[in-house]
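As a plain string of letters, each chain reads:
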Amino acid sequence: NAGVIQTPRHKVTGKGQEATLWCEPISGHSAVFWYRQTIVQGLEFLTYFRNQAPIDDSGMPKERFSAQMPNQSHSTLKIQSTQPQDSAVYLCASSRQGRDSDYTFGSGTRLLVI
Amino acid sequence: GDKVKQSPSALSLQEGTNSALRCNFSIAATTVQWFLQNPRGSLINLFYLVPGTKENGRLKSAFDSKESYSTLHIRDAQLEDSGTYFCAADKAGNTGKLIFGLGTTLQVQP
C-alpha cells in the first residue's frame, strides 16, 4: 500500500499561468478530499468526491479553481491564471467511504506562484 | 468564530514527561480525528473517534460529544513526538468533510 500519492511535490509557476495538481487515492477508497494549507488560514476544505462524483465543492474559489475525478485511480485540481495568494500546500486525502471513516493524507504539493 | 479551537497553540516538553492537548468545538461534532504533521509536512492519522476513548501506545484520546471537546494525552514524550497536532471534526449533517483546528505545535526537548 503506497498510500495517497500526490504529484508533483513542488511546483513553481509564474503569475497568470495554469497549475495542475494530481492525486492518486488508496486503492479501494471511495472518497477523495482536497484541502489547502497556509500559515494564516490553516487547513481549509476545498472539495470532495465520492465514487468519482462531486459531493461538496463549497470550499472551492469559484472563478479559477476546478477539480475532476475522471476515474477511481486519480483526481486533479486545476488552478487557472494563478495568483500569488494561491501559494500554499495542497493536500489530498482519501477514505474508505467519506463519512464515518478515517482519512489518509498524501504528502502534499507545495505550490509557489511568483 | 472558531468552530474548532485547539489549546495550547504551542508547547515545549522535556523528554519523558506527560501532557494533554485539547480541542473545543462550537459545532455539533459527531466524529473527531487527530493528526500529527511531522517536520517533513506529512499528516499522519493518529486517531479516529466516535464519542469515547481510544489508546495507542503512549497516546490516548477521548471525545465527549455532549460537552463538545476532545483531548489527546501524550505519555512519556519522545523526541519523535515533536510536530504539529491537529484535531478535526465532522459535524452533524455534514457530507464527510472535516473542519480543522489551527493546531498545537509541540517541541520535545532532550
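Here, every reference points to the structure presented above.
Keep in mind the model is a prediction, meaning the values are calculated, not measured. (Residues numbered from 1 in each chain as written. Chains lettered and ligands numbered in written order. Predicted model: local features only at pLDDT ≥ 70, side-chain atom pairs only at ≥ 80, totals over all residues. Heavy atoms only, no water.)

Caption draft 1: Molecular detail of the interface of chain B and chain A. With 21 residues of chain B in contact, the opposing surface of chain A contributes 22 residues. Between chain B and chain A, roughly 1,600 Å² of surface is buried when both sides are summed, and carbon and sulfur atoms account for 51% of that area. When the area that chain B buries against chain A is broken down by residue, the three leading residues are B:L43, B:T95 and B:K97, summing to 32%. Taken together, chain B and chain A are joined by 1 salt bridge. Summed over the shared surface of chain B and chain A, the number is 7 residue pairs in polar contact (both at pLDDT 80 or more). Of all the secondary-structure elements, those providing two or more residues to the side of chain B that touches chain A are β4 (29-37), β5 (43-49) and β9 (83-91) of chain B. Per-element accounting of the side of chain B that touches chain A gives the leading share, 5 residues, to β4(B). Its residues assigned to classes, the side of chain B that touches chain A comprises 7 nonpolar, 10 polar and 4 charged. (Contact = heavy atoms within 4.5 Å. Buried area = accessible area lost by both parts, 1.4 Å probe. Salt bridge = Lys/Arg side-chain N within 4 Å of Asp/Glu carboxyl O. Polar contact = N/O pair within 3.5 Å; in protein donor to acceptor, adjacent residues only side chain to side chain. Helix = DSSP H or I, 4+ residues; strand = E, 2+ residues; numbered from the N terminus. Nonpolar A, V, L, I, M, F, W, Y, C, P; charged D, E, K, R; others polar.)

Caption draft 2: Seen up close, the state of the cysteines. Applying the stated rule across the entire model yields 2 disulfides over all chains. A sulfur-sulfur distance of 1.9 Å marks the disulfide that ties A:C23 to A:C92. On the sign convention where negative means left-handed, the S-S torsion of about -65° between A:C23 and A:C92 marks this disulfide as left-handed. With a gap of 69 residues between them, A:C23 in strand β3 (residues 19-24) and A:C92 in strand β9 (residues 88-95) connect regions that are remote in the sequence. A relative accessible area of 1% means that A:C23 is categorised as buried. Accessibility expressed as a relative area gives 0% for A:C92, which makes it buried. Disulfide pairing is shown between B:C23 and B:C87; the S-S distance is 1.5 Å. Across the S-S bond of B:C23 and B:C87 the torsion is about -90°, and the bridge reads as left-handed. Of the two residues, B:C23 is situated in strand β3 (residues 19-25) and B:C87 in strand β9; the sequence distance between them amounts to 64 residues. Side by side, B:C23 and B:C87 carry an identical accessibility label, which is buried. (Disulfide = S-S within 2.5 Å. Buried < 20%, exposed > 50% of the residue type's maximum accessible area, 1.4 Å probe, protein only.)

Caption draft 3: Representation of unusual backbone geometry within the structure. A cis amide bond links A:T7 to the next residue, A:P8, at an omega of -10°. Positionally, A:P8 belongs in the loop between β1 (5-7) and β2 (10-13). Residue B:P8 is reached from B:S7 by a cis peptide bond, and omega for that bond is -10°. One non-glycine residue with positive phi stands out, namely B:D76, at about 55°. Looking at the secondary structure, you find B:D76 in the loop between β8 (69-74) and β9.

Caption draft 4: Examining the pairing of strand β11 (residues 109-113) of chain A more closely. Residue and element names in this part refer to chain A. The alternating pattern of β11 places T109, L111 and V113 on a buried face, while none of R110 and L112, on the opposite face, is buried. As defined by bridge partners, β2 adjoins β11 across 4 bridges and the pair is classed as parallel. In the strand pairing of β11, T13 is matched with V113. (Pairing = 2+ DSSP bridges.)

Caption draft 5: Quick peek at the pattern of salt bridges. Under the criterion given, the structure shown has 6 salt bridges over all chains. We note a salt bridge from A:E44 to A:R36, for which the minimum N-O separation is 3.4 Å. For A:E44, a relative accessible area of 24% corresponds to the partly exposed category. By relative accessible area, A:R36 is classed as buried at 13%. Of the charged contacts in the structure, one is a salt bridge between B:K97 and A:D56, with a shortest N-O distance of 3.5 Å. Here A:D56 lies in strand β6 (residues 53-56) and B:K97 lies in the loop between β9 and β10 (99-100), a pairing that spans two chains. By relative accessible area, B:K97 is classed as buried at 17%.

Caption draft 6: Looking closely at the nonpolar core. Ranked by size, the top nonpolar core spans 24 residues in total, and within it B:V4, B:F25, B:W34, B:L46, B:L72 and B:Y85 carry the most contacts. Listed by contribution, the elements that provide at least two residues to this core are β3, β4, β5, β7 (59-64), β8, β9 and β11 (104-109) of chain B. The residues contacting B:V4, other than those within four sequence positions of it, are B:C23, B:N24, B:F25, B:I27, B:C87, B:A89, B:I99, B:F100 and B:G101. Counting residues in hydrophobic clusters, the runner-up holds 20 residues, among them A:W34, A:L77, A:L111 and A:V113. (Core = buried A, V, L, I, M, F, W, Y, C linked by side-chain atoms within 4.5 Å.)

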